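Each chain, letter by letter, is given below.
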There are 2 protein chains.
Amino acid sequence: MVSAEKPAAARRASPGAGLPPTTLVLPGDEPTAAALIAAAVEVMAVHGYHGTSVRDIAAAAGTSPAILYHHFTSKQVLLATMLDRGLDVLIAATEQALDLAGEDPADRLRAVVEAHVRVHLDSQRESLLGNSELRALDPSSLRVVVAKRDVQQRIFDRVIRDGVRREVFGTTYPEDTARFVTSACTAVAAWYRAGGPLSAEEIVRHHQEIALDAVRWRR
Amino acid sequence: MVSAEKPAAARRASPGAGLPPTTLVLPGDEPTAAALIAAAVEVMAVHGYHGTSVRDIAAAAGTSPAILYHHFTSKQVLLATMLDRGLDVLIAATEQALDLAGEDPADRLRAVVEAHVRVHLDSQRESLLGNSELRALDPSSLRVVVAKRDVQQRIFDRVIRDGVRREVFGTTYPEDTARFVTSACTAVAAWYRAGGPLSAEEIVRHHQEIALDAVRWRR
DNA sequence: CCGTCCTTTGAACGAACGTTCAGATCGGCT
DNA sequence: AGCCGATCTGAACGTTCGTTCAAAGGACGG
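Source: prediction; values computed, not measured.

Enquirer: Describe the overall build of chain A, listing the residues and the values that go with them.
Expert: Scanning chain A from N- to C-terminus turns up 10 helices and 0 strands. If you line up chain A on its principal axes, its C-alpha atoms span 80 × 40 × 30 Å. For chain A, the residues scored as buried account for 47% of the 219 residues in total. Taking as baseline every contact in chain A between residues at least 6 positions apart, the subset at least 24 positions apart corresponds to 67%. In the structure as shown, chain A presents an accessible area of about 10,500 Å², 54% of it carried by carbon and sulfur atoms. Of the charged side chains in chain A, 25 are positive and 27 negative, and the gap between their average positions amounts to 3 Å.

Written as structure tokens, this is what we have:
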């Protein structure tokens, strides 16, 4: 061969080049698997699971479609991996925030609201995916993900119920208020746009304040 | 995607037989078009737009796939029709509730919360569809639907801002609180299950109470 | 420099997709 | 009865889907 053309593999950009990092990639992941996850987050968050083809993912990752099946057993498993890891990130962030918070129920509610909102702002695409594609999961993966989602919901339940028991919060319906608050905090991933009128900091603070009002915090 | 094994003889009986009614069907609709819409609501609410094939819709409606193209120019247009009508229903219910409410800001917030929650409970599948499949719309349909969504959001904005101006509500962030409340009220479509521990009436009342707390209603 | 193992590839598979179309069927008018 | 327009159908169109596979490429120890 006379031409200076590099072989196909080298002609390609390195896998995952140009993709933003994602919280769903773990340190142990092989580079190509990480690129596929990051690419799937990007594309699926926009077009959904069924609206995204394996070829779309591979193209966004800068690899070939077939390689997906070397790192994951199916497109379905790739989705399940992402959603599962996403909830691990959310729960870990929330539990860590609670560990750092003190005993005051208002501080504790502020902490979990901040963690929840911040994850949904910082990992907006991952969160959107996790909130809209549960229906695309196979039954056994769905069970796992729903269970983890319940864990997160129960953290809010516990914080609010605890505040009510200590008479710092006055809400009549602790469980409904907990769901009310988590729903609103989850929704930020659906409407937030970077560069909009509100900064992430403002959104976090406002949600903390409104959540405290919703539980009838006795200031 | 979705299996259907109805015998041909039963299919010919009457289109749409066995489907629950939907708010998205208008009086002027031809029966087969109505059956297609009702079927699409049922199947798409579960599997999403891209996860539902034209054959799935036709099977659920008890007709043949080709007939869809006699009543709608494409699967895309069928979706756009449903989402557009769904928002018309929501906005009409909310505006009518406001008309019936008096001058008291608390009553007016109760009214819009009740209307919004009730639509999302009574038309759960239609609402789920409307909240998750905006991304499947073509740009021009999306513009229309987003505009109507903004109309609904502005109704809440206006009610809450009005309450603040009259010093009946004390919230510091009227606009953020409005979004907080609508987000939580929209989310009921995602978690409500008929036959669960809460009746529709209870859910409506609790959401009214929590919303009033969130805006710092001065009782 | 060869052999080995892991990674990656292009090409191909059958199935399912949205859509089209010529013709069957039907109700209503003359 | 005979016709007509609207409604509906089965069969097919070309495309794209998720997935498989034999083989090539690359890194590396011997």
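Right, picking up where we left off after that structure.
Enquirer: Explain unusual backbone geometry to me, using residue names and the numbers behind them.
Expert: Look at A:R216: it is not a glycine, yet its phi comes out positive at around 55°. Along the chain, A:R216 falls in the segment after helix 10 (200-214).

Enquirer: Describe the relation of the copies chain A and chain B, and please don't skip the residues or the numbers.
Expert: When chain A is fitted to chain B, the residual RMSD is 0.0 Å, and the transformation amounts to a turn of 180° plus an axial shift of 0.0 Å. Between the two chains, the operation in question is that of a two-fold axis. For chain A, the smallest separation between a C-alpha atom and the rotation axis is recorded for A:A214, amounting to 2.2 Å. Same-surface contact between copies: 100% of interface residues of chain A are shared with the interface of chain B.

Enquirer: Describe the interface of chain A and chain B, and please don't skip the residues or the numbers.
Expert: Facing 30 residues of chain A, the contacting portion of chain B comprises 30 residues. Summing both partners gives a buried area of about 2,700 Å² for chain A against chain B, and 62% of it is carried by carbon and sulfur. It is A:R135, A:F180 and A:I210 in chain A that bury the most area against chain B; as a group they hold 28% of the surface buried on that side. There are 4 salt bridges connecting chain A and chain B. Across the chain A-chain B interface, the total number found is 8 residue pairs in polar contact (both at pLDDT 80 or more). Elements with a minimum of two residues in the side of chain A that touches chain B: helix 2 (31-47), helix 9 (174-191) and helix 10 of chain A. The element best represented in the side of chain A that touches chain B is helix 9 of chain A, accounting for 9 residues. Residues belonging to the side of chain A that touches chain B are distributed by class as follows: 13 nonpolar, 9 polar and 8 charged.

Enquirer: Tell me about the domain arrangement of chain A, and please be specific about residues and values.
Expert: Residues and elements named next belong to chain A. Taken domain by domain, chain A comprises domain 1 (8-72) and domain 2 (76-214). Put simply, the middle of domain 1 and the middle of domain 2, counted by C-alpha atoms, are 27 Å apart. Between domain 1 and domain 2, the residue contacts involve 19 residues of the former and 14 residues of the latter. Together, the buried faces of domain 1 and domain 2 total about 1,500 Å²; carbon and sulfur atoms form 70% of this surface.

Conventions we followed
- Residues numbered from 1 in each chain as written.
- Chains lettered and ligands numbered in written order.
- Predicted model: local features only at pLDDT ≥ 70, side-chain atom pairs only at ≥ 80, totals over all residues.
- Heavy atoms only, no water.
- Helix = DSSP H or I, 4+ residues; strand = E, 2+ residues; numbered from the N terminus.
- Buried < 20%, exposed > 50% of the residue type's maximum accessible area, 1.4 Å probe, protein only.
- Contact = heavy atoms within 4.5 Å.
- Areas by Shrake-Rupley, 256 points an atom, 1.4 Å probe, with all protein chains shown as cover.
- Lys, Arg positive; Asp, Glu negative; His and termini not counted.
- Charge placed at Lys NZ, Arg CZ, Asp CG, Glu CD.
- Least-squares fit on C-alpha atoms with pLDDT ≥ 70 in both.
- Buried area = accessible area lost by both parts, 1.4 Å probe.
- Salt bridge = Lys/Arg side-chain N within 4 Å of Asp/Glu carboxyl O.
- Polar contact = N/O pair within 3.5 Å; in protein donor to acceptor, adjacent residues only side chain to side chain.
- Nonpolar A, V, L, I, M, F, W, Y, C, P; charged D, E, K, R; others polar.
- Domains from an automatic or database assignment.

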